[in-house]
Structure formats: structure tokens, C-alpha cells
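Geometric and topological summary
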Amino acid sequence: MASPVGIVLISHSRALAEGAAEVATAMGLGEVAVRPAGGDDDGRLGTSLALLERAVDEAQTGAGVVLIADVGSSVLLARTYVADLPEDALGPVLLADAPLVEGAVAAASASATGADVETVAAAAADAYAHRKL
Amino acid sequence: MADEFDAGIAREWVRVIAVRVSEQATYLGELDGAIGDGDHGGNLDRGFAAAVGKLDRTTDSAREVLTATGGALISAVGGASGPLYGTYFRKLARALPEHGGASAAELGAALQVGVDGVRALGGAAEGDKTMVDALVPAAAAFAETATDGLPAAAVAAAEAARRGADATVPLRARKGRASYLGERSEGHLDPGAASSALVLAALAEVVGG
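Residues numbered from 1 in each chain as written. Chains lettered and ligands numbered in written order. Predicted model: local features only at pLDDT ≥ 70, side-chain atom pairs only at ≥ 80, totals over all residues. Heavy atoms only, no water.

**Let's talk about the overall build of chain A**
In plain terms, the rule: Strands here are runs of E lasting at least two residues and helices are runs of H or I lasting at least four, both read from the DSSP assignment and numbered beginning at the N terminus. Our radius of gyration is a C-alpha quantity, and the globule rule it is checked against amounts to 2.2 Å times the number of residues to the power 0.38. Relative accessibility thresholds used throughout: buried, under 20% of the residue-type maximum; exposed, over 50%; partly exposed, between the two (1.4 Å probe, protein chains only). Contact criterion: two residues are considered in contact whenever any of their non-hydrogen atoms come within 4.5 Å of each other. Using a 1.4 Å probe, the Shrake-Rupley method yields the accessible areas, and only the shown protein chains count as cover for residues. We count Lys and Arg on the positive side and Asp and Glu on the negative side, and we leave His and both chain ends out. To locate a charge, the coordinates of NZ of Lys, CZ of Arg, CG of Asp or CD of Glu are taken.
A count of helices and strands for chain A gives five helices and four strands. In sequence order, the secondary structure elements of chain A are arranged as β-α-β-α-β-α-β-α-α. Here the C-alpha radius of gyration of chain A, 13 Å, is about what a compact globule of 133 residues would show, namely 14 Å. Dimensions of chain A along its principal axes, counting C-alpha atoms only, are 45 × 35 × 25 Å. Expressed as a percentage of its 133 residues, the buried residues of chain A come to 47%. When contacts within chain A are restricted to residue pairs at least 6 apart in sequence, long-range pairs at least 24 apart make up 75% of them. If you sum the accessible surface of chain A, you get close to 6300 Å²; carbon and sulfur atoms cover 55% of it. Counting 7 positive and 18 negative side-chain charges, chain A places the averaged centre of each group 8 Å from the other.

What follows is the structure, given as C-alpha cells:
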């Protein structure tokens, strides 16, 4: 099997991104690269293009990376990043329209099955439909 | 009085925005504190200070100057205003001539491209109580008065942006954190629209209108 699709979790909080990544990594059976990009460059609440770029570089194997963002500027930063992705990037990067934690769990689970990047992004988006009650 | 929006004026525009934003940072923060997370003034102050630091002092291309400004804002601002203003400046920059400066008509068209980029990124329409409410009337006013020359067009755009910002007060927010407040977002000036009015006022100041 080719390397699984990577996942990057973008949050205003470093702790939130790292915690969600911890859960999703377990759901990916440890085979899927799930990287956090949380907080600003100094670890305070905020977002950081530099952290996002580094996380994508770490998660990218060529099979693609799915981004999942929490709210507000996380989404805007991710959209800006995807729009700027160079033509010669190592692999595709898709922003999933998905909730952060549930989307990360769904994406990591799908990625561990060897799904392609579009399927992993769709699995993350489908997390909206999984009711809890 | 300037007839052409050249690289020197573009650099001066960014410098004056940085000064005015720094002067108004506390005020913008207070506006944001009422309906947002209170970081708008500090974020923009940091962003435009970074943009001044990244000014290309050697190029004669206004397009290159403002492209660098947009990139600096995206990199330096850890809030929504970074990608939004970064996109504004980069999109409008790419609509300028590749070399040299721009005529008033060309800058007017570029301001429209800039605000179109902001709308596409953030999904905000006019009336959603965002920076779009200042940037859209500013671009329209600039384009309508471009034949009167750069200073007159910049003044008209600044006035339109200020009126557009003031008109956000009664609106209910439909984007950003303020949108979670529902009717409690009414009665407040939108901080993004207020900072957009500052940006356009700085342009009028710089071109000598």
C-alpha cells in the first residue's frame, strides 16, 4: 500500500490541535501522519501560516494532505494556503468542510484504509451527519 | 498631488496605514472587544508593522510593493484580518500593471478586484457587517470618480468607506465571532469596516487629495 493520506489540524489553540491530533492518530492506528498546527508562532491563541506550512510538509507523502480547521481565521488561513499552493507541490492539499475533532477522527479512520485524498476529505465532511443522540 | 499610483506612493500608502493603525489600535481593539475577541487593533498593528518591514524599497513596481505587503500580512497576523487584508492587497496588486505604476482608472479596477477577493475568501456579502461594507462602496466611488484624477478619486473612496463603515452600526453581524451574538451585535460599529475606512483614508492622505 502506498503511504496513507496525511491530515493537518488547524486550531486557534495549540493544545486543542495537539489533543485532536492525539485522538485522530489513535484512530488512524498509528499509520496516518496527523499533524497539529495550533496557536500562533509564540504558542498563544491565534493561527500561523508558518506552523501550517511546516505541518503540511511533515504530513505530505505525495498521497495528499487533508486540512481540517476549527473556526474563523483558521478556515481563512487554510483557504488562503490552499489557493496559494504551488503547481509543483509534492501532492494535493484539500481543505475539508468538517468539524475539527469528529472530522479528524473520520479522516484518520478513512486514511488508514488506504483511501485517496478526495475520499478522506469526504469522510471528514460526512462527520457532520453522524448524530450523537 | 499625484497623477499616477507608482511604487513610491504604494510604499507611502503602506507606511501611513501602519502609522494610522498604530494610532488607532486601542480604538479598534475596543470596537472588536464589544462584538469580537478584541484583538483587531493589535493584530493589524503587528501586521502592518511587519508589512513596513517587508517593503521593497528597490522596485519601481507598485504591484510588487503591494504583493509583498499582502504576504507580510498573511504571515504576521494570527487572526482573520491577516488572510483577509493579505488577500485584499495581493489581489489588487495582481490587477495592477506588471511594471511601473497605475493610472487612476487602473487602480480603481484593482480596488474592485481586491474586494472581490475578500468576498470570495470570507463569503461575506454587503450588509453582513464586515470590512466588505466599507471596501465595496470605496471601490465603486473610486471607479466612478477616476476620471477626475487620482486625488479626487481617493478622497471619494475614503469618504465612501467611512460612510459604509458608519452604516454597519445598526446591522446584525452574519460573519465572524459577532455572528454568534445575534441581535446583540446590533448598535456597534464593525471593527473590520472601521479599519478598512482607515486604509482608504490613508490612500487619500498619501495621494494628496
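**Section: the layout of surface pockets**
Counted only if it meets this: A 1.4 Å probe that fits into a set of points on a 1 Å grid over the protein atoms alone but cannot get out defines a cavity; an open set with protein on both sides within 12 Å along at least five of seven lines defines a pocket, and lining residues are those with an atom within 4 Å of a point. Grid points are joined across faces, edges and corners, and a volume is the space filled by probe spheres set on the points.
The volume enclosed by the largest pocket comes to roughly 1300 Å³. If you trace the largest pocket, you find 44 residues lining it, with A:Gly72, A:Ser73, B:Ala80, B:Gly176 and B:Arg177 closest to the centre. Of all the secondary-structure elements, those providing two or more residues to the lining of the largest pocket are α3 (73–84) of chain A together with α2 (25–35), α3 (40–53), α5 (81–94), α6 (104–122) and α9 (191–207) of chain B. At four residues, the largest contribution of residues to the lining of the largest pocket is made by α3(A).

**Quick look at the sheet that holds strand β1 (residues 6–11) of chain A**
Residue and element names in this part refer to chain A. Here is the rule we go by: Strand pairing is defined by DSSP finding a minimum of two bridges between the two strands. Between N-to-C directions, angles span 0 to 180 degrees; the directions come from axes that are lines fitted to C-alpha atoms, helices contributing only their stretch in contact.
Within the open sheet, the four strands sit side by side as β2-β1-β3-β4. Their pairing is parallel. Pairing within the sheet leaves two strands with one partner each, and these edge strands are β2 (34–38) and β4 (93–95). Here the average twist between neighbouring strands, direction ignored, is 20°. Note: β1 against β2, five bridges, orientation parallel. When the bridges of β2 are listed, Leu 9 appears paired with Pro 36. Packed on one face of the sheet, helix α2 (residues 49–59) meets β1, β2, β3 (65–69) and β4 and runs near 180° to β2. Here helix α5 (residues 117–126) sits on the sheet and contacts β3 and β4; the angle it forms with β3, its principal contact strand, is near 20°.

**Digging into unusual backbone geometry**
With the exception of glycine, most residues fall at negative phi, and the peptide bonds are largely trans. The phi angle at A:Leu29 is positive, at roughly 60°, despite the residue not being glycine. Tracing the sequence through the fold places A:Leu29 in the loop between α1 (14–27) and β2. Using a relative accessible area of 62% as the deciding quantity, one classes A:Leu29 as exposed. Positive phi values are uncommon outside glycine, yet B:Lys129 reaches one of about 70°. Its location among the elements puts B:Lys129 in the loop between α6 and α7 (132–145).

**Let's talk about the pattern of salt bridges**
Residues and elements named next belong to chain B. Cut-off, in case you're wondering: Any Lys or Arg side-chain nitrogen found within 4 Å of a carboxyl oxygen on Asp or Glu counts as a salt bridge.
Going through the model one piece at a time under the given rule, you end up with twelve salt bridges over all chains. Here Arg 15 makes a salt bridge to Glu 12, at a shortest N to O gap of 2.5 Å. One end of the pair, Arg 15, and the other, Glu 12, are both in helix α1 (residues 7–23), three residues apart, so they sit about a helical turn from each other. Residue class for Arg 15 comes out partly exposed when judged on its relative accessible area of 29%. In this structure, Asp 128 engages Arg 174 in a salt bridge whose closest nitrogen and oxygen atoms are separated by 2.7 Å. Placement of the pair is Asp 128 in the loop between α6 and α7 and Arg 174 in the loop between α8 (150–166) and α9, with a sequence separation of 46 residues.

**A short note on the side chain of B:Thr130**
All names here are of chain B. Let me state the cut-off plainly: Any pair of N or O atoms that falls within 3.5 Å is considered a polar contact. Within protein, one atom must be able to donate a hydrogen and the other to accept it, and sequence-neighbouring residues count only if both atoms are side-chain atoms.
Along the chain, the position of Thr 130 falls in the loop between α6 and α7. Take Thr 130: its relative accessible area is 11%, and that puts it in the buried class. A distance of 3.0 Å separates a polar atom in the side chain of Thr 130 from the backbone nitrogen of Val 132. With sequence-adjacent residues up to four places away left out, Thr 130 is seen in contact with Ala 124, Thr 168, Lys 175, Asp 190 and Ala 193.

**Quick notes on the interface of chain A and chain B**
Condition: Here's the idea: put two parts together, see how much 1.4 Å probe accessible area each one loses, and the total over both is what we call buried area.
Taken together, the contact pairs eleven residues of chain A with 15 residues of chain B. Between chain A and chain B, the buried area comes to about 980 Å², and carbon and sulfur atoms account for 56% of it. Of all residues in chain A, A:Leu49, A:Leu76 and A:Thr80 bury the most surface against chain B, accounting for 44% of the area lost on that side. Viewed at the interface, chain B and chain A are joined by one salt bridge. Taking the shortest distance from any N to any O, the salt bridge between A:Asp84 and B:Arg90 comes out at 2.4 Å. Applying the counting criterion to the chain A and chain B interface returns four residue pairs in polar contact (both at pLDDT 80 or more).

Spatial relationships are all this shows, so hold off on functional conclusions.
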